[in-house]
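Below, each chain spelled out in residue letters.
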Amino acid sequence: MAIAKGISKQVAIKKESAYGTLAGATGGRLLRRVTSSFNLTKDTYQSDEIRTDYQMADFRHGVRSADGSVSGELSPGSYSDLVAAALARSFSAGITVTSLAFATTATTIVRATGSFLTDGFKIGDVIRITAATGANANNLNVNLLITNVVALTITFVVLNAGTFTASPTVTAATLVVQGKKTFVPTTGHTSDSFTVEEWYSDIAQSEVFTGCKVNTVGVSIPATGMATMDFGFMGKDLTQTGTTQYFTTPTALGTSGVCAGVNGVVVFNGTAVALITDASININRNIANATVLGSNSIAESFDGRCLVDGSMSLYFSDAVARNAFKDETEVSLIFTLTTSNSATAEFVSITIPRAKINSATKADAEQGITMSCDFQALLAVSGGTGTANEQTTIMIQDSLAA
């Protein structure tokens, strides 16, 4: 008797045209994973009848639903549709601005006229100078993370410790925000659901789940090892099973590199730091399922608020983080992870414009003392067009987002 093996299983996904409506069999794509599990669940009801025989006379199955999880290693482009669903906004292309004139230092781009804010550059954007006259050659096509932006000046960190040389007169320059970005918007929210198939090729069994919404996202960034993403789904039903694969010729698994904590940068309140030993970020959509009379599966899946929190551990070297907790001072956080040491490495960048630190707990040790800090992300007080931030709780930029 054949027994299903994980190495033979494929997980494929496709966005639905309407909640709970089986997506078409073409156009699905395979999901990269470390683990995944989608299952049919049912409420159960037992009779509470009081009986002289001391026994239960009936037990029933109730409302059907589905739940699922996908855990994978963080890689650009691999999960952009799931991230967009969690943040209720599709990814959109970064801006490109041409014909710029400016001067550069090792950490700034300074123009005499115009406005970087009006152009649309934001704190947390990863940009590149893709063309320019008068710029040092090693300044072209290098990933630069914006840590601050005002009308005439962009302040940046060169990712992966690349080389950037001062150039006093640069003309005909093009600045490009790399890849695509999404964030929780203030209006126009999307409500994406997916059809998911788990195909067990070694035993010829297909399970197809519909109405699957991303309810939770967890990002884990260790100091050593691969960064990971964990997605929790709430679904409507196990819609069909069979002995043939439902999604025909789904798009193959992606091949982008995996992000690790050793590549990239962490920015705390506008300053790049090398003290954080690990971090985690959690997104919770607070989805609630609706049940109605006459239906044995959930009728609707209601979206809730998008709440973002997290934690980080850092070496205790100064009073900055501790005082932010003690004084209830708001901070900003940027976590940018790349797939290699290359100046043009693919990346995923997570920006939290406004957060409060809710704890500062030190762990005694013979050697380096660490402090654990939980944080709660909040809606930026201001943002949008002409400002340095998007008006959002969290912004995510993915260099390979579809």
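Before any of the text, the structure's been laid out above.
Thresholds, definitions, all that
- Residues numbered from 1 in each chain as written.
- Predicted model: local features only at pLDDT ≥ 70, side-chain atom pairs only at ≥ 80, totals over all residues.
- Heavy atoms only, no water.
- Buried < 20%, exposed > 50% of the residue type's maximum accessible area, 1.4 Å probe, protein only.
- Helix = DSSP H or I, 4+ residues; strand = E, 2+ residues; numbered from the N terminus.
- Pairing = 2+ DSSP bridges.
- Salt bridge = Lys/Arg side-chain N within 4 Å of Asp/Glu carboxyl O.
- Contact = heavy atoms within 4.5 Å.
- Phe/Tyr/Trp six-rings, centres within 6.5 Å; stacked < 30°, edge-to-face > 60°.
- Core = buried A, V, L, I, M, F, W, Y, C linked by side-chain atoms within 4.5 Å.
- Axes fitted to C-alpha atoms, helices over the stretch in contact; angles between N-to-C directions.

A. Focus on the pairing of strand β24 (residues 347–357). Taken across its 11 residues, β24 has nine buried, putting it largely inside the fold. Pairing analysis gives eight bridges linking strand β23 (residues 330–338) to β24, with the strands arranged antiparallel. Within β24, the position partnered with I334 by the bridge is T351. Here three bridges tie β24 to strand β26 (residues 370–377), and the two strands are oriented antiparallel to one another. Within the sheet, the bridge partner assigned to A355 lies in β26 and is A377.

B. Just the pattern of salt bridges, in detail. Inspection of every chain in the model, using the stated rule, returns 13 salt bridges. K9 is paired through a salt bridge with E198; the nearest N and O atoms lie 3.2 Å apart. Note that K9 is positioned in strand β1 (residues 9–15) and E198 in strand β13 (residues 194–200), a separation of 189 residues in sequence. Exposure class is identical for K9 and E198. Each is buried.

C. The side chain of T392, seen in detail. Relative to the assigned elements, T392 resides in the loop between β26 and β27 (395–398). When sequence neighbours within four positions are dropped, the list of residues in contact with T392 reads F183, V184, P353, L378, L379 and A380.

D. Focus on the packing of aromatic side chains. One pass over the full model with this rule turns up six aromatic pairs. Residues F156 and F164 carry aromatic rings whose centres are separated by 4.8 Å and whose planes lie at 65° to one another, so their mutual orientation is edge-to-face. Grouping residues by exposure puts F156 and F164 together as buried. Linked through ring pairs, F38, F209 and F233 together constitute an aromatic cluster.

E. Seen up close, the nonpolar core. Counting 59 residues, the largest nonpolar core has L82, V214, F231, F233, I281, I352 and I394 as its most contacted members. Listed in part, the 30 residues of the second largest apolar core include V97, F116, L144 and V267.

F. Region of interest: the environment of A388. Inspection of the secondary structure assignment puts A388 in the loop between β26 and β27. With relative accessibility at 18%, the residue A388 sits in the buried group. Sequence separation of A388 and G28 is 360 residues, and the distance between their C-alpha atoms is 37 Å. Apart from the residues within four sequence positions on either side, A388 is in contact with L117, K122, I123 and V149.

G. Looking closely at helix α1 (residues 80–87). A large share of α1 lies buried, amounting to seven of its eight residues. Inspection of α1 places S80, L82, V83, A84, A85, A86 and L87 among the buried residues, and these make up the whole buried set. Once α1 ends, the next one or two residues include A88, with phi positive near 65°.

H. Seen up close, the environment of T344. Inspection of the secondary structure puts T344 in the loop between β23 and β24. The exposure class assigned to T344 is partly exposed, which follows from its relative accessible area of 34%. Contact partners of T344, with chain neighbours within four places excluded, come to R128, N141 and N143.

I. A look at the sheet that holds strand β11 (residues 167–177). The six strands lie next to each other as β6-β7-β10-β9-β8-β11, forming a closed barrel whose pairing is antiparallel. Adjacent strand axes in the sheet meet at a mean angle of 50° when their direction is disregarded. Sheet analysis places strand β6 (residues 96–104) next to strand β7 (residues 108–110), joined by two bridges and oriented antiparallel. Among the inter-strand pairings, A103 is bridged to a residue of β7, identified as V110.

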